[in-house]
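Chains, contacts and geometry: an overview
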Amino acid sequence: MNTIYTNTYNIYIDDDFSTPFQALLSTKNYSGIFVLVDDNTKEHCLPLLEKLLGNFEKTIITIRPGEENKTLETCDYIWSFFIDNKTDRHALLINLGGGVIGDMGGFSAATYKRGIDFLQMPTTLLAQVDASVGGKLGVNFQGIKNSIGIFHDPIAVFVYPDFIKTLEERELKSGFAEVIKHGLLGADSTWKIITKTDFKNLNFNSIIFDSIQYKNKIVQEDPRESGKRKVLNLGHTIGHALESLSHKTDTPMLHGEAIVIGLVCEGFISYRLLDFKKEDLDILCNLIFNIYKKEDLSKYGTENLLKKMGQDKKNREQKINFTLLRELGQPVWDQEVTVELIEESLVFYKNY
Ligand code: GLY
């Protein structure tokens, strides 16, 4: 069993974590166990959880999948479900799904009657290596991603790496964007592996473990993102803006699809502003363009993109803040970048 310890909860990574899982439920003696799923995880992942639960009774809450349903309306549905089932403060919510289920289920649990326990059981690569670790919870609001939310830790995270075998390739690649990000930021062994091995031949079990370990290290140093944790926003200033704008079109991008564009552009800005090595920028671009198709960004319009970046919750005093790289493994945060250089980075992406 690979276990990563945080100050408040454990992250178990294995293909069989029945022992700590059952031990946790037995110790806590919950008044009720609820499982939040969407149509996909209900079909592909719930059977495994049912086996783990054994004789523990559970009630399933099913919601519609997708980022467009990560809203207060869906929280309303979950809270109403709790009320209708006379749920008290001693219940448990198990979030079985990707980032949407984890963030929104966690938010709903942490705010219901001032908080019931929840545990994260991430089923996508994105949720396993990123969303389920670090206690960020929330929903999208008025078209702005995760603009309503809180920090609150789960009681545990159980990562079953083989769940990613249930994913479509597009979803897997989306999650891989965060693995690339962690590699650039300082997960050295991950970076070495992913830049030398063809995507199709990767051993995801070790990549998932390394990536979670890296993210957890950062989060433990700065749980509330007052400094160091901001490094995790690499690729996200431009990436989030693109993602939000794409959701107003008929070709919405998945999170990681937008983040890899952000990584290329912000890698270029790092090269121009901080002397990030051109050869590392080329390695990054080759890695990304070998896996992801190039997007036509002209449909979003630079003005709209800059406006969206201006609404980012990472900003302070109306300034758009970036995390950039001085070199591989040497990120710096709160970097101001001119509009001209942002525009230049988009041209770099287009022409690479
Ligand atoms: N996904 C970035 C963070 O958790 O801080």
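What counts as what
The written sequence of each chain sets the order in which its residues are numbered from 1. At least 70 in pLDDT is required for a residue's local features to be given in this predicted model, at least 80 for side-chain atom pairs to be given and counted, and no such filter applies to totals for whole chains, interfaces and linings, which use all residues. Remark: hydrogens and water are excluded; side-chain values derive from all non-hydrogen atoms of the structure. Each helix is a run of DSSP H or I of at least 4 residues and each strand a run of E of at least 2, with the numbering of both proceeding from the N terminus. The classification of residues rests on relative accessible area computed with a 1.4 Å probe and restricted to protein chains. Under 20% of the type maximum is buried, over 50% is exposed, and intermediate values are partly exposed. Two residues form a contact once any of their heavy atoms are found within 4.5 Å. Nine residue types can take part in a nonpolar core, namely buried Ala, Val, Leu, Ile, Met, Phe, Trp, Tyr and Cys, and a core is a set of them joined through side-chain atoms within 4.5 Å. In this analysis, axes come from line fits to C-alpha atoms, helices being fitted only over the stretch in contact, and the angle between any two N-to-C directions falls in the range 0 to 180 degrees. Put simply, angles under 35 degrees are roughly parallel, angles over 145 are roughly antiparallel, angles from 65 to 115 are roughly perpendicular, and the rest are oblique. In this scheme the crossing of two helices becomes right-handed for a clockwise turn of the near helix relative to the far one and left-handed for an anticlockwise turn of less than a right angle. Just so you know the grouping, Ala, Val, Leu, Ile, Met, Phe, Trp, Tyr, Cys and Pro go in nonpolar, Asp, Glu, Lys and Arg go in charged, and all remaining residues, Gly too, go in polar. A helix's residues, less one, multiplied by 1.5 Å, set its expected span. When a carboxyl oxygen of Asp or Glu is within 4 Å of a side-chain nitrogen of Lys or Arg, the pair counts as a salt bridge. One heavy atom suffices: a residue is near a molecule or strand as soon as one of its heavy atoms comes within 4 Å of it. Here a polar contact is recorded for every N or O atom pair within 3.5 Å, except that within protein the pair must consist of a potential hydrogen donor and a potential acceptor, and residues adjacent in sequence are included only if both atoms are side-chain atoms. Residue-level accessible areas treat just the shown protein chains as cover; the underlying method is Shrake-Rupley with a 1.4 Å probe. Working definition: rings of Phe, Tyr and Trp (its six-membered ring) pair if their centres are within 6.5 Å, and the pair is stacked with planes under 30 degrees apart, edge-to-face with planes over 60 apart, and tilted otherwise.

**A short note on the overall build of the protein**
From N to C terminus, the protein includes 14 helices and eleven strands. Oriented by its inertia axes, the alpha-carbon framework of the protein measures out at about 60 × 40 × 35 Å. Within the protein, the proportion of its 352 residues that are buried is 57%. Of the contacts formed within the protein by residues at least 6 apart in sequence, a portion of 75% connects residues at least 24 apart.

**Some thoughts on the nonpolar core**
Formed by 73 residues in total, the largest nonpolar core has its most connected members in Phe176, Ile180 and Phe204. Looking at this core, the element that brings in the most residues is helix 11 (residues 255-274), giving ten residues. Discounting chain neighbours no more than four positions away, the residues touching Phe176 are Leu125, Ile194, Phe199, Leu202, Phe204, Ile291 and Tyr292. With 24 residues, the next largest nonpolar core counts Leu24, Val35, Leu96 and Phe158 among its residues.

**Observations regarding the packing of helix 7 (residues 169-185) against helix 9 (residues 204-221)**
Two elements in contact, helix 7 and helix 9, have axes whose closest approach is 10 Å; the angle formed by their N-to-C orientations is 55°. Comparing the axis directions of helix 7 and helix 9 gives the class oblique. The handedness of the crossing between helix 7 and helix 9 is left-handed. Of the residues in helix 9, those in contact with Leu172, Phe176, Val179, His182 and Leu185 of helix 7 are Phe204, Ile207, Ser211, Tyr214 and Lys215. For the contact of helix 7 with helix 9, the residue count by class is seven nonpolar, two polar and one charged.

**What to know about helix 7**
With 17 residues, helix 7 should reach 24 Å at 1.5 Å per residue; the first-to-last C-alpha distance of 25 Å fits that figure. In terms of residue burial, helix 7 counts as a mostly covered element, since 14 of its 17 residues are buried. Positive phi appears at Gly186, one or two residues downstream of helix 7, with a value of about 155°.

**Notes on the pattern of salt bridges**
According to the stated counting rule, one finds 16 salt bridges in the structure shown. Among the salt bridges present, the one from Lys145 reaches Glu243, with a minimum N-O distance of 3.3 Å. Taken together, the residues Lys145 in strand 8 (residues 144-151) and Glu243 in helix 10 (residues 236-246) connect sequence positions 98 residues apart. Here Lys145 and Glu243 have matching classes, each one buried. Members of the salt-bridge network, linked through shared partners, are Glu67, Lys145 and Glu243.

**Some points on the site of the ligand**
Around the ligand, a shell composed of Asp130, Lys136, Lys215, Glu225, Arg229 and Leu232 is seen. Side-chain polar atom of Lys215 to an oxygen atom of the ligand: 2.6 Å apart, as the coordinates give it. Taking 200 Å² as the accessible area of the ligand by itself, protein coverage stands at 89%. Across the shell around the ligand, the residue classes break down as one nonpolar, no polar and five charged.

**A short note on the packing of aromatic side chains**
In total, this model carries 17 aromatic pairs according to the counting rule given. Summarising the aromatic geometry, the rings of Phe176 and Phe199 are spaced 4.9 Å apart at their centres and angled 70° between planes, so their arrangement reads as edge-to-face. Residue Phe176 is found in helix 7, and its partner Phe199 is found in the loop between helix 8 (188-196) and helix 9; the two are separated by 23 residues along the sequence. Neither Phe176 nor Phe199 differs from the other in exposure class; each is buried. Pairing Phe199 with Phe204 gives two aromatic rings, centres 6.0 Å apart and planes at 80°, and the pair type is edge-to-face.

Purely spatial values, then, with no claim about function.
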